[in-house]
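Summary of structural features
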Amino acid sequence: MPTTTEYPTIKLFNTMARAVEVFTPIKRGQVGIYSCGPTVYHDVHIGNMRAFIFADILRRTFDYADYKVTQVMNITDVGHLTDDANDGEDKMIVAMRREGMDAWDIAKKYTDTFLKHCRLLNIHRPDYMPHATDHIPEQITMIKHLEEKGYTYKTSDGIYFDTSKLKDYGHLARLDIEGLKAGERVDMGEKRNITDFALWKFSPTDSKRDMEWASPWGVGFPGWHIECSAMAGRYLGDHFDIHTGGIDLIPVHHSNEIAQSECANDCRFVNYWMHTAFLNLKGGLKMSKSSGDFLTLDSIIARDIDPLAFRYLCLMCHYRMGMDFDWEGLKAAATGYRRLVDRVQTLARDVDIALVTLGGYAQEYIAKIDADLFDDLNTSKVLAHIWTLLDDSKLTSAEKSALVARYDAVLQLELLTHEKQEIVVPTEVQELIKAREEARKARDFNQADELRNKIVHLGYNLKDTNGKTEVIKL
Ligand SMILES: [Zn+2]
């Protein structure tokens, strides 16, 4: 990396400090990012996809700023997948019963769906996407280190981390440990402290699990939290720059990752913790339908809504703000997104962006847009600038196209290249359209109107211009 390179100042909200801070990399011009990935015993819902879109904007912002980015995202295909309180049934076992498949096939099925959804949302594939099941030795080694240092204890069902050995356990979440103890009602089993968690779980003695491994403590499988600590260390080192996830991961999962990694490695784990707020469903919508299916990107596609309209909707809301979601809001975003694409593409029709030279006035736009992007990734302001510049008569069409292209490298909304979605018209509607054409030719306009009403009733409409009929999806 040439020492003369100037890197822009990037400010990020660090959950650890509860403040926006200037980002200082560990190594000049480089950034290591670990993003907690999906659990693959079920579809990933759109709230989780919001967090992955944010992680993508973060990595692309650093790409745009000319950093050398190393991003790691784990695939959680094993782990003590109960709820955070470490009780309840392992969710992978619930999935196996639900679908009549073994654990490996379940994990493959949902990993494939997740990757498909990432592609449709233009989420850059992280540089490493390790599976927890491919890194069991690293997890065992880390637990051994913790054991040697006296941070663990054994119960009848596994090896646990003793959180009382750390004086600042839960600092990231500002956990009130005394308050937790006072409010404690759930059965702690053999756990010594309410916040203690499993590092290794023993397999049941009376049955064989699909996923289990030998270990110094007996046959079993890792706890959920240890995998992220082990894989982050494996690919980014003991100390790295940025860790991302949803805000729901702060109190337990990320608190536990910090405890394990810092105790095992004797150094600070992460410099900047970044978290995406929730996506809140409005109007009686539920994340999980009564059939047990989650509201996913497939639910959006099934309604004929462009997946990138969902990305656009996410980018219009700051990642640290709760985002309200309902179908009306998404449809409005889809209309806005389509209008933006149409505006940009009309403008860019005959422009070769590679040949555009930006004048001083266009450079002022770059300064303004960069400032907002680098101010804790304010994508909604970046989009607002794009709308403004499209209307600015002091810019040439070529400059406008070049500016849009520059920021679409980060936004990834395909503003210059997105193709209009082909409407798939059902046969029933096609036949009605044909019949209507014939009625019109025979000048039977009452019949033609009646047929048109039937078409509208089925969710389509027709636009007659210059002797041609265009089908529109309502
Ligand atoms: Zn994680």
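Residues numbered from 1 in each chain as written. Predicted model: local features only at pLDDT ≥ 70, side-chain atom pairs only at ≥ 80, totals over all residues. Heavy atoms only, no water.

**Some points on the coordination of the zinc ion**
Just so we agree on the cut-off: Water is not among the atoms examined, so metal sites may look incomplete; donors are the N, O and S atoms within 2.8 Å of the metal, or within 3.2 Å for Na, K and Ca. Strands are runs of DSSP state E lasting at least two residues, helices are runs of H or I lasting at least four, and both sets are numbered from the N terminus onward. Throughout, exposure labels follow a simple rule: accessible area from a 1.4 Å probe, protein chains only, divided by the maximum for the residue type, with under 20% read as buried, over 50% as exposed, and the rest as partly exposed.
Protein coordination at the zinc ion: the donors are C36 (SG), C228 (SG) and H253 (NE2), at 2.0 to 2.2 Å from the metal. Summarised as a motif, the one-chain spacing of the donors to the zinc ion is C-x191-C-x24-H. Here C36 is found in the loop between β3 (30-35) and α1 (46-64), whereas its partner H253 is found in helix α7 (residues 250-265), with 217 residues between them in sequence. Residue C36 shares its accessibility class with H253, and that shared class is buried.

**Describing the packing of aromatic side chains**
Selection rule: Only Phe, Tyr and Trp rings are paired, with Trp represented by its six-membered ring, and only when their centres lie within 6.5 Å; those with planes under 30 degrees apart are stacked, over 60 edge-to-face, the remainder tilted.
The tally for this structure, following the rule as stated, stands at 21 aromatic pairs. Ring plane angle 45° and centroid distance 6.2 Å describe the contact between W200 and W217, whose orientation is recorded as tilted. Taken together, the residues span a long stretch of sequence, with W200 in strand β7 (residues 197-202) and W217 in the loop between β7 and β8 (220-222) at a distance of 17 residues. Classification of W217 by relative accessible area gives buried; the value is 11%. Taken together, a centroid distance of 5.9 Å and an interplanar angle of 90° make the contact between Y361 and Y365 edge-to-face.

**Quick word on the sheet that holds strand β9 (residues 240-246)**
Applicable threshold: At least two bridges found by DSSP between two strands is the condition for calling them paired. For helices, the fitted axis covers only the stretch in contact; all axes are lines through C-alpha atoms, and the angles between them, taken along N-to-C directions, range from 0 to 180 degrees. Should any heavy atoms of two residues lie within 4.5 Å, those residues are considered in contact.
Within the open sheet, the four strands sit side by side as β4-β3-β9-β10. Their pairing is parallel. A strand with exactly one partner marks an edge of an open sheet, and here the two such strands are β4 (68-73) and β10 (270-276). Neighbour-to-neighbour, the strand axes of this sheet turn through a mean angle of 20°, independent of strand direction. By the bridge criterion, three bridges tie β3 to β9 in an arrangement that is parallel. Within β9, the residue paired with Y34 across the bridge is H243. Strands β3, β4, β9 and β10 of the sheet are contacted by α1, whose axis makes an angle of about 160° with β4.

**Re unusual backbone geometry**
Even without being a glycine, R174 presents a positive backbone phi close to 55°. Relative to the elements of secondary structure, R174 occurs in the loop between β6 (158-161) and α5 (177-182). By relative accessible area, which is 38% here, R174 ends up partly exposed. Even without being glycine, D376 reaches a positive phi, approximately 60°. Relative to the assigned elements, D376 resides in the loop between α11 (360-373) and α12 (379-390).

**Description of the pattern of salt bridges**
Selection rule: Here, a salt bridge means any Lys or Arg side-chain nitrogen found within 4 Å of an Asp or Glu carboxyl oxygen.
Counting across every chain of the model gives 19 salt bridges. With a closest N to O distance of 3.2 Å, E212 and K208 form a salt bridge. The class for K208 is exposed, based on a relative accessible area of 69%. Measuring nitrogen to oxygen at the nearest pair gives 3.2 Å for the salt bridge that ties R338 to D342. Placement of both R338 and D342 in helix α10 (residues 327-348) is noted, with a separation of four residues, approximately one turn of the helix. Taking relative accessible area as the criterion, D342 reaches 31% and is therefore assigned partly exposed. Look at the salt bridges and you will find they share partners, linking D56, R60 and R311 into a network.

**Let's talk about the side chain of H243**
Spelled out, the test is: We call two N or O atoms a polar contact when they sit within 3.5 Å, provided that within protein one can donate a hydrogen and the other can accept it, with sequence-adjacent residues counted only if both atoms are side-chain atoms.
With respect to the helices and strands, the residue H243 is situated in strand β9. A polar side-chain atom of H243 sits 2.7 Å from a polar atom in the side chain of E257. With residues near it in sequence (within four places) discarded, H243 still touches Y34, C36, H254, E257, F269, V270, Y272, W273 and M274.

**Things to note about the nonpolar core**
Our working rule: By nonpolar core we mean a set of buried residues, namely Ala, Val, Leu, Ile, Met, Phe, Trp, Tyr and Cys, connected to one another through side-chain atoms within 4.5 Å. Domain limits in this description derive from either an automatic procedure or a database domain assignment.
Counting 128 residues, the largest nonpolar core has F62, F114, I242 and F310 as the members making the most contacts within it. Take this core: its biggest share by element is nine residues, from α1. Two domains each donate at least three residues to this core, and these are domain 1 (11-280) and domain 2 (303-411). Listed in part, the 10 residues of the second largest apolar core include V425, I455, Y460 and L462.

**Comments concerning α10**
The line we're drawing: Here a helix's expected span is defined as the number of its residues, less one, multiplied by 1.5 Å.
Look at α10: 31 Å from first C-alpha to last across 22 residues, which is about the 32 Å you get at 1.5 Å a residue. If you check which residues of α10 are buried, you get W327, L330, A333, G336, Y337, R338, L340, V341, V344, L347 and A348. Summarising the contacts, the buried residues of α10 are in contact with α8 (297-302), α9 (307-315), β12 (323-325), α12 and α13 (397-411).

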